[in-house]
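Understanding the architecture of this molecule
Letter by letter, the chains look like this.
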Amino acid sequence: MAWFRRRREPVRRSGRPADRADLEHLAEFIRSRRGVEAYIEPQTTVTETTILLIAHDGEWTRRRIESPEAARRFAHQQAMPIYDIRLMGYPQRMRDYNARQKRRPAS
């Protein structure tokens with residue numbers, strides 16, 4: 001009997017590769033800030049795998065990337081540490097930066 005069989009959608013193994021503009025944005029963020037660290041955010045049902053860069057003061061940027069392996073390669077090419085967000089969580093300095101931005105008066 002097939003009552004309990006589920007139809008499964010095919011699982012997509014890799015996301016859309018980061019384009020040149022994404023990689024240039026990430027590289028510029030690293031060049032223009034100090035103390036930048038990278039974090040891998042895993043693919044979800046809504047978003048593709050992303051790489052999150054966080055500077056020493058908590059300022060951050062996020063861009064899509066093809067896979068966790070591609071994120072690791074990018075970070076190693078840039079000679080910067082990389083962490084898995086599922087293991088480390090979001091750093092306090094990022095949360096503090098977001099809170100400061102919310103309190104800042106609109107211009």
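Further up the page is the structure itself.
These numbers were taken from a predicted model, which means no experiment stands behind them.

Moving on: the overall build of the protein chain. Along the protein chain, the regular secondary structure elements total four helices and four strands. Tracing the protein chain from N to C terminus, the helices and strands come up as α-β-β-β-α-β-α-α. Taken over 107 residues, the protein chain has a buried fraction of 34%. The long-range share in the protein chain, meaning contacts at least 24 apart out of those at least 6 apart in sequence, stands at 59%. With an accessible surface of roughly 8100 Å², the protein chain has 50% of that area assigned to carbon and sulfur atoms.

Once that is clear, we can look at helix H1 (residues 20-32). Across its 13 residues, H1 extends 18 Å between first and last C-alpha, which sits within 8% of the 18 Å expected from 1.5 Å per residue. Among the residues of H1, Asp22, Leu26, Ala27, Phe29 and Ile30 are the ones counted as buried. The buried residues of H1 occupy one face: seen down the axis, they fall within an arc of 155 degrees. In H1, the exposed positions angled more than 90 degrees off the buried face are occupied by Arg20 and Arg31. In this structure, the buried side of H1 is in contact with strand E2 (50-54), strand E3 (60-64) and helix H2 (68-77).

In this structure, the largest pocket encloses a volume near 160 Å³. Along its surface, the largest pocket is lined by Pro17, Ala18, Leu23, Ile65, Glu66, Ala70, Arg73, Phe74 and Gln77. Among the elements that line the lining of the largest pocket, the one with the most residues is H2, at four residues. Residue classes in the lining of the largest pocket are distributed as six nonpolar, one polar and two charged.

Definitions and limits used
Residues numbered from 1 in each chain as written. Predicted model: local features only at pLDDT ≥ 70, side-chain atom pairs only at ≥ 80, totals over all residues. Heavy atoms only, no water. Helix = DSSP H or I, 4+ residues; strand = E, 2+ residues; numbered from the N terminus. Buried < 20%, exposed > 50% of the residue type's maximum accessible area, 1.4 Å probe, protein only. Contact = heavy atoms within 4.5 Å. Areas by Shrake-Rupley, 256 points an atom, 1.4 Å probe, with all protein chains shown as cover. Expected span 1.5 Å × (residues − 1). Arc of directions from axis to C-beta. 1 Å grid on protein atoms, 1.4 Å probe; cavity = no way out; pocket = protein on both sides within 12 Å on 5 of 7 lines; lining within 4 Å. Points joined across faces, edges and corners; volume = space filled by probe spheres on them. Nonpolar A, V, L, I, M, F, W, Y, C, P; charged D, E, K, R; others polar.

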